[in-house]
Amino acid sequence: MDFDEIYTQYAPAVFRICMGYVNDSSRAGDLVQETFISVWQNLSSFRGEAKISTWIYRIATNNCLQAIQRDKRTPLVDLPSELPMPEHDSKEEQLQLLYRCIGELEELERIIIALELEEVPQSEIASITGLSHSNVRVKLHRAKEKLSKKFRAYGRF
């Protein structure tokens, strides 16, 4: 598989994973770019011991975690805790709410949810995160419960 094929196949999923971390399409686009620069630079050293998707998602996850660490060192301006939401949500607004709620989860929960949304098998999520398969199932269940509570808090569930 050449780089163009890899990019075409995996860039949309990587973008959605990054959105789960940063909830900002511009930043997510930057993270996708950083991810595929790393893929390009290291493609020749990919040994095929894991699926290429696992390898790419791991690179994306690492880039997102590094971005979060950089952000923690940079002071942010607080936003109002209650932002007005329109009465009738469009799909885009619903997606923004989903990403906002995912962004409020802990880092590891964001990784797991983002990969689950991309329909990555839980065994592969375990490989990407370094957790056991059973631990991934537990963390996924807990993260879904937290998201449900957040949706209810926004009156959207």
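Here we summarise the structure given alongside this text.

Parameters and conventions
- Residues numbered from 1 in each chain as written.
- Predicted model: local features only at pLDDT ≥ 70, side-chain atom pairs only at ≥ 80, totals over all residues.
- Heavy atoms only, no water.
- Phe/Tyr/Trp six-rings, centres within 6.5 Å; stacked < 30°, edge-to-face > 60°.
- Helix = DSSP H or I, 4+ residues; strand = E, 2+ residues; numbered from the N terminus.
- Buried < 20%, exposed > 50% of the residue type's maximum accessible area, 1.4 Å probe, protein only.
- Expected span 1.5 Å × (residues − 1).
- Arc of directions from axis to C-beta.
- Contact = heavy atoms within 4.5 Å.
- Polar contact = N/O pair within 3.5 Å; in protein donor to acceptor, adjacent residues only side chain to side chain.
- Salt bridge = Lys/Arg side-chain N within 4 Å of Asp/Glu carboxyl O.
- Axes fitted to C-alpha atoms, helices over the stretch in contact; angles between N-to-C directions.
- Parallel < 35°, antiparallel > 145°, perpendicular 65-115°, else oblique.
- Left-handed = near helix turned anticlockwise from the far one by under 90°.
- Nonpolar A, V, L, I, M, F, W, Y, C, P; charged D, E, K, R; others polar.
- Core = buried A, V, L, I, M, F, W, Y, C linked by side-chain atoms within 4.5 Å.

### With respect to the packing of aromatic side chains
Item 1. This structure, assessed with the given rule, holds six aromatic pairs.
Item 2. Taken together, a centroid distance of 5.0 Å and an interplanar angle of 80° make the contact between phenylalanine 3 and tryptophan 40 edge-to-face. Within this pair, whereas phenylalanine 3 is found in helix H1 (residues 3-22), its partner tryptophan 40 is found in helix H2 (residues 25-42), the two being separated by 37 residues in sequence.
Item 3. Assessed through its relative accessible area of 18%, phenylalanine 3 is described here as buried.
Item 4. Feature note: the residues Phe3, Tyr7, Phe36 and Trp40 constitute an aromatic cluster, connected by ring pairs.

### Re H2
Item 1. With 18 residues, H2 extends 25 Å from end C-alpha to end C-alpha; this agrees with the ideal 26 Å at 1.5 Å per step.
Item 2. Every buried residue of H2 is accounted for by Ala28, Leu31, Val32, Thr35, Phe36, Ser38 and Val39. Along the axis of H2, the buried residues cluster in a sector spanning 150°; they form a single face. Those residues of H2 that are exposed and aimed more than 90 degrees away from the buried face are Gln33, Trp40 and Gln41.
Item 3. The inward-facing, buried residues of H2 contact H1 and helix H3 (52-72).
Item 4. Two to three positions downstream of the cap, the backbone nitrogen of serine 26 sits 2.9 Å from a side-chain oxygen, assigning the N-cap of H2 to aspartate 24.

### Observations regarding the pattern of salt bridges
Item 1. Considering all chains together, one arrives at six salt bridges under this definition.
Item 2. In this structure, lysine 51 engages glutamate 124 in a salt bridge whose closest nitrogen and oxygen atoms are separated by 3.3 Å. A residue pair is termed long-range when its members are at least 10 positions apart, and lysine 51 in the loop between H2 and H3 and glutamate 124 in helix H6 (residues 122-129) qualify at 73 residues.
Item 3. Owing to a relative accessible area of 7%, glutamate 124 belongs among the buried residues under this scheme.
Item 4. Note that lysine 146 is salt-bridged to glutamate 109, the shortest N-O span being 2.8 Å. Taken together, the residues span a long stretch of sequence, with lysine 146 in helix H7 (residues 133-153) and glutamate 109 in helix H5 (residues 107-117) at a distance of 37 residues.
Item 5. The exposure class of lysine 146 is partly exposed, given its relative accessible area of 31%.
Item 6. In this structure glutamate 109 comes out as buried when scored by relative accessible area, which is 8%.
Item 7. Through salt bridges with shared partners, a single ionic network connects Glu106, Glu109 and Lys146.

### Observations regarding the packing of H1 against H2
Item 1. For the pair H1 and H2, the least separation of the axes is 8 Å and the interaxial angle reads 140°. Classified by the angle between their axes, H1 and H2 sit oblique to one another. H1 and H2 meet at a crossing whose hand is right-handed. In this structure, H1 uses Phe3, Ile6, Tyr7, Tyr10, Ala11, Val14, Phe15, Cys18, Met19 and Val22 to contact H2, whose residues at the interface are Ser25, Arg27, Ala28, Gly29, Leu31, Val32, Thr35, Phe36, Val39 and Trp40.
Item 2. The class makeup of the residues in the contact of H1 with H2 is 16 nonpolar, three polar and one charged.

### Topic: the nonpolar core
Item 1. If you look at the biggest cluster of nonpolar residues, it comprises 48 residues, and the most contacted ones within it are Val14, Tyr21, Phe36, Val39, Ile56, Tyr57 and Leu115.
Item 2. In this structure tyrosine 57 touches Tyr10, Ala13, Val14, Ile17, Leu115, Val120, Glu124 and Ile128, once residues within four positions along its chain are discounted.

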